[in-house]
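# Architecture at a glance
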Amino acid sequence: MTDTNLIEIKNVNKIYDNGVVGLKDINLNVKKGEFLVIVGLSGAGKSTLLRSINRLHDVTSGDILIDGQSIQHASGKALRMMRRNVAMIFQNFNLVKRASVRRNVLSGRVGYYGFLRSSFGFWKKEDVQHAVTALKRVNLAEKFYDRADALSGGQQQRVAIARALMQEPKIMLADEPTASLDPATSNLVMDDLKALNQDLGITVVANLHNEELALKYGSRIVGLRDGELIFDKEADQVSESDFQQIYQSVQDKHEAGSK
Ligand SMILES: Nc1ncnc2c1ncn2[C@@H]1O[C@H](COP(=O)(O)OP(=O)(O)OP(=O)(O)O)[C@@H](O)[C@H]1O
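Residues numbered from 1 in each chain as written. Predicted model: local features only at pLDDT ≥ 70, side-chain atom pairs only at ≥ 80, totals over all residues. Heavy atoms only, no water.

Before going further, it helps to examine the environment of Y112. Relative to the assigned elements, Y112 resides in the loop between helix 3 (101–106) and helix 4 (115–119). A residue is classified by how much of its surface remains accessible, and Y112, at 28% relative accessible area, is partly exposed. Sequence separation of Y112 and Q167 is 55 residues, and the distance between their C-alpha atoms is 8.1 Å. For Y112, the residues in contact, after removing those within four places along its chain, are R84, M166, Q167 and E168. One polar contact links the side chain of Y112 to the main-chain carbonyl oxygen of Q167, over a distance of 2.8 Å. (Helix = DSSP H or I, 4+ residues; strand = E, 2+ residues; numbered from the N terminus. Buried < 20%, exposed > 50% of the residue type's maximum accessible area, 1.4 Å probe, protein only. Contact = heavy atoms within 4.5 Å. Polar contact = N/O pair within 3.5 Å; in protein donor to acceptor, adjacent residues only side chain to side chain.)

Pasting the structure below:
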C-alpha cells in the first residue's frame, strides 16, 4: 500500500429523484493498495456509494476523484478511459448465462475494442491468452468452453472476477460479492479478491453484510448508516460497539414501533 489517494470522495450527497436520500455528506479517501470494506444494513447506502465511484449514477453534489481526476465531471473519451480503470463485480454475477465462459471473460475487454469488433467477437489472440491467464488466476482454466450457467454460483462469481481482470483495472468494486453464496464458497471468492489485491496491487472496495468476512478480509472498514459515514477505522481497531452503532437505526425504529 502507498500513501497516494487513488479514490477521493469529497462532500458527496446523493438524493434520488423520488426524494430518498442515498448518501449524506460522505468524505472518504482510499489509498492505492487498500482493501476497503464498507459495512451497513440493507438500505444504508453501500451500493449507492459504490455505484457513485464508477459513475453508474451521478451524485447530487460533491465530487469523486479517481487518481486525482474528477469522474463526476468527465465525459466522452475521458470518462471511458477512467472507467477502464474501475472494474466491478455484483451480487448476481451479471454474466451472460447462455454464453461460454470464454466469451464472458473476453467481454471484460470491450473497453479496449471498437463496437463492431467486440459485437462480433473478433478477439485478438493476445486477449484470448490473457483470458486464459485471468481464468487460471481464479482456478477455473478448465471451464473455458463451458456455458456460464453450467457453473455453480461461486464459480460464476470467479468468472466475473476474471472478466473484471481483463480490464486491467486499478480498482475493483465488489457489491455484496458473496451475498448469494454459502459460507465456504464466500471464502473462496474473498480469497480471490484478496489475492488480486496482494499480488496485482489492485485496490479493492467491497460492500459486505457479513461482519466476520469484513474483519477477515478488510484492511480498513467503513460503516454506513442511513447514508451517513458512522466510522472509518483500520480493521484491527474495529470493535463490536462500532458494529452496534450501524445497527442502531433499526433498533430505534423497532423500539419506536413497539411503543
Ligand atoms: N434507484 C433508486 N431510486 C430511489 N431510491 C433508491 C434507489 N436505489 C437505492 N435507493 C434507496 O437509497 C437508499 C440506499 O440504498 P442502497 O441500495 O445504496 O443501500 P445498500 O446499503 O446497498 O442496501 P442493500 O444491501 O439492500 O442494497 C435506500 O433507502 C434505497 O431504498
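A few words now on the site of the ligand. In the vicinity of the ligand there are 13 residues, among which S42, G43, K46, S47 and T48 approach most closely. The separation between an oxygen atom of the ligand and a polar main-chain atom of L41 is 3.4 Å. Contact with the protein chains covers 62% of the free accessible surface of the ligand, which is 630 Å². Split by residue class, the shell around the ligand holds 4 nonpolar, 7 polar and 2 charged. (Near = heavy atom within 4 Å. Areas by Shrake-Rupley, 256 points an atom, 1.4 Å probe, with all protein chains shown as cover. Nonpolar A, V, L, I, M, F, W, Y, C, P; charged D, E, K, R; others polar.)

This part covers the sheet that holds strand 1 (residues 5–15). Read across the open sheet, the 4 strands follow the order 2-1-4-5; overall the sheet is antiparallel. Two strands lie at the open edges of the sheet, namely strand 2 (21–31) and strand 5 (69–70), each paired on one side alone. Bridge count for strand 1 against strand 2 is 7 bridges, and the pairing is antiparallel. Bridge assignment links I7 to a residue of strand 2, and that residue is V30. (Pairing = 2+ DSSP bridges.)

Glancing now at helix 5 (residues 125–137). With 13 residues, helix 5 extends 19 Å from end C-alpha to end C-alpha; this agrees with the ideal 18 Å at 1.5 Å per step. Buried residues along helix 5 sit against helix 3 and helix 6 (153–165). At the exit of helix 5 stands N139, carrying a positive phi of roughly 60 degrees. (Expected span 1.5 Å × (residues − 1).)

Here we take up the nonpolar core. Ranked by size, the top nonpolar core spans 48 residues in total, and within it L135, I161, M172 and L193 carry the most contacts. With 6 residues, the top contributor of residues to this core is helix 6. Each of domain 1 (5–85 + 170–258) and domain 2 (98–168) gives at least three residues to this core. Contacts of M172, omitting those with residues within four sequence positions, involve A87, I89, I161, A164, L193, L196, I202, T203, V204 and V205. (Core = buried A, V, L, I, M, F, W, Y, C linked by side-chain atoms within 4.5 Å. Domains from an automatic or database assignment.)

For the rest of this paragraph, the subject is the pattern of salt bridges. Counted by the stated rule, this structure contains 14 salt bridges. Residue E176 pairs with K46 through a salt bridge whose shortest N-O separation is 3.9 Å. Of this pair, E176 sits in the loop between strand 7 (171–175) and helix 7 (183–200) while K46 is found in helix 1 (residues 46–53), placing the two residues 130 residues apart along the sequence. Neither E176 nor K46 differs from the other in exposure class; each is buried. One salt bridge connects E168 with R109, and the closest N-O pair in it is separated by 2.9 Å. Of this pair, E168 sits in the loop between helix 6 and strand 7 while R109 sits in the loop between helix 3 and helix 4, placing them 59 residues apart in sequence. (Salt bridge = Lys/Arg side-chain N within 4 Å of Asp/Glu carboxyl O.)

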